[in-house]
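Fold and geometry: a report
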Amino acid sequence: MVELSVVVPIYNEVENIAGLYNSITEAVKDKTAGYEIILVNDGSTDGTERKLDDLALEDPCVKVIHFRKNCGQTAAIQAGIKKASGKYIGLIDADLQTDPKDFFTLMPYLTEFDFANGWRTKRKDTFLKKISSRIGNGVRNWITGDVIEDTGCPMKLFKREVAESLHLYEGFHRFMPTLARMNGYTVVEVPVDHRERQYGTSKYGVMNRAFVGLMDAIVIGWLRKRAIHYEARSE
Ligand code: UDP
Ligand code: MG
């Protein structure tokens, strides 16, 4: 068992792979009692596969999963979590819009909380993306009844038991803090750095994210209301 498993969902990010590997390794190598980097290739068709295989050959800390075809970001995250052996599991996107160094901004919070979610307080995205995200978070909170400022922040760190408690469906990666709370775990949001995407493009459009996200929020809100909580007096 290692201390930290870093899980990365990856779909057509060939230009980001070298930087991703270097910056994660640089950030974590002297700071943990053992780590692994789990790179999940979600059916890329752009040469990502070869790059990942080369890394796995060079570095035993790198573990690679290849999907047969594109199955979606939630599936990639789920597969990575399932393979992870760490006491703590960190998530980050391959586009490096967040900085792997911030795993150690989040880490101290895990003494008091079970799940530390990044919060992009100084977001470097297009105006359209920033405004749609702000509206999205407001609507999501209103529908789900939970309060999370930046549920979509790609930088997350949580304990292994939180990961084991999650039952993810497509799109649910956007609700992981709320799902963790529904399972009885504590969540904190912590400001992290954010920068512009340097290479490659976003895999989502504003409209599909908004529409699907709205449907998913309704489902999560319903599940949250139907969650069962009981305490036995004796067993
Ligand atoms: N991703 C994935 N499968 C998909 C779509 C995206 O594994 O079907 C990965 C993608 O390569 C990136 C992360 O999920 O590492 C987030 O995607 P993206 O940056 O495009 O989303 P955004 O940041 O614009 O929400
Ligand atoms: Mg991104």
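Further up the page is the structure itself.
Residues numbered from 1 in each chain as written. Chains lettered and ligands numbered in written order. Predicted model: local features only at pLDDT ≥ 70, side-chain atom pairs only at ≥ 80, totals over all residues. Heavy atoms only, no water.

Some words on the site of ligand 1
Taken together, 17 residues sit near ligand 1, with Asp42, Lys129, Ser202, Lys203 and Arg209 positioned nearest. The contact in question runs from an oxygen atom of ligand 1 to an N or O atom on the backbone of Tyr11, over 2.9 Å. Separating an oxygen atom of ligand 1 from a side-chain N or O atom of Ser202 is a distance of 2.6 Å. Out of a free accessible area of 530 Å², ligand 1 has 92% covered by protein chains. Its residues placed into classes, the shell around ligand 1 shows five nonpolar, four polar and eight charged. (Near = heavy atom within 4 Å. Polar contact = N/O pair within 3.5 Å; in protein donor to acceptor, adjacent residues only side chain to side chain. Areas by Shrake-Rupley, 256 points an atom, 1.4 Å probe, with all protein chains shown as cover. Nonpolar A, V, L, I, M, F, W, Y, C, P; charged D, E, K, R; others polar.)

Some points on helix H8 (residues 206–226)
Counted at 1.5 Å a residue, the expected span for H8 with its 21 residues is 30 Å, and the 30 Å between its end C-alpha atoms agrees. Looking at the packing, one finds that the buried side of H8 touches helix H5 (127–144) and helix H7 (176–182). (Helix = DSSP H or I, 4+ residues; strand = E, 2+ residues; numbered from the N terminus. Expected span 1.5 Å × (residues − 1). Contact = heavy atoms within 4.5 Å.)

Quick word on the layout of surface pockets
Volume-wise, the second largest pocket comes out at about 320 Å³. Lining the second largest pocket are 14 residues, with Arg120, Arg123, Lys130, Ser133 and Arg134 positioned closest to its centre. The biggest single contributor to the lining of the second largest pocket is H5, with seven residues. Partitioned by chemical class, the residues of the lining of the second largest pocket number three nonpolar, five polar and six charged. (1 Å grid on protein atoms, 1.4 Å probe; cavity = no way out; pocket = protein on both sides within 12 Å on 5 of 7 lines; lining within 4 Å. Points joined across faces, edges and corners; volume = space filled by probe spheres on them.)

Let's talk about the environment of Thr178
Structurally, Thr178 can be placed in helix H7. Owing to a relative accessible area of 4%, Thr178 belongs among the buried residues under this scheme. Each C-alpha atom of the pair Thr178 and Lys83 lies 23 Å from the other, and the pair is 95 residues apart in sequence. (Buried < 20%, exposed > 50% of the residue type's maximum accessible area, 1.4 Å probe, protein only.)

Digging into the pairing of strand S4 (residues 88–91)
Covered by surrounding structure in S4 are Tyr88 and Gly90 together with Ile89 and Leu91, the residues of both alternating faces. Relative to strand S6 (residues 156–159), S4 runs antiparallel, the two being bridged by four bridges. Each bridged residue has a counterpart across the sheet, and for Tyr88 the counterpart in S6 is Lys159. (Pairing = 2+ DSSP bridges.)

With respect to the packing of H5 against H8
Relative orientation of the contacting elements H5 and H8 amounts to 20°, with a least axis distance of 9 Å. Judged on the interaxial angle alone, H8 and H5 are roughly parallel. Two packed elements cross with a definite hand, and for H5 against H8 that hand is right-handed. Every residue of H8 that contacts H5 at Leu128, Lys129, Ser132, Val139, Arg140, Ile143 and Thr144 is listed here: Val206, Arg209, Leu214, Ala217, Ile218, Ile220, Gly221, Arg224 and Lys225. Among the residues forming the contact of H5 with H8, the class breakdown is eight nonpolar, three polar and five charged. (Axes fitted to C-alpha atoms, helices over the stretch in contact; angles between N-to-C directions. Parallel < 35°, antiparallel > 145°, perpendicular 65-115°, else oblique. Left-handed = near helix turned anticlockwise from the far one by under 90°.)

Points about the nonpolar core
The nonpolar side chains of a soluble globular protein tend to be buried, and buried together. In this structure, Leu4, Val8, Ile10, Leu20, Ile24, Leu39 and Leu157 are the most contacted members of the largest nonpolar core, which totals 33 residues. When contributions to this core are tallied by element, the ones reaching two or more residues are strand S1 (4–10), helix H1 (17–28), strand S2 (35–41), helix H2 (48–58), helix H4 (103–106) and strand S7 (187–191). With six residues, the top contributor of residues to this core is H1. Leu39 has contacts with Val8, Ile10, Leu20, Leu52, Leu55, Val62, Lys63, Val64 and Ile65, leaving out every residue within four places of it along the chain. (Core = buried A, V, L, I, M, F, W, Y, C linked by side-chain atoms within 4.5 Å.)

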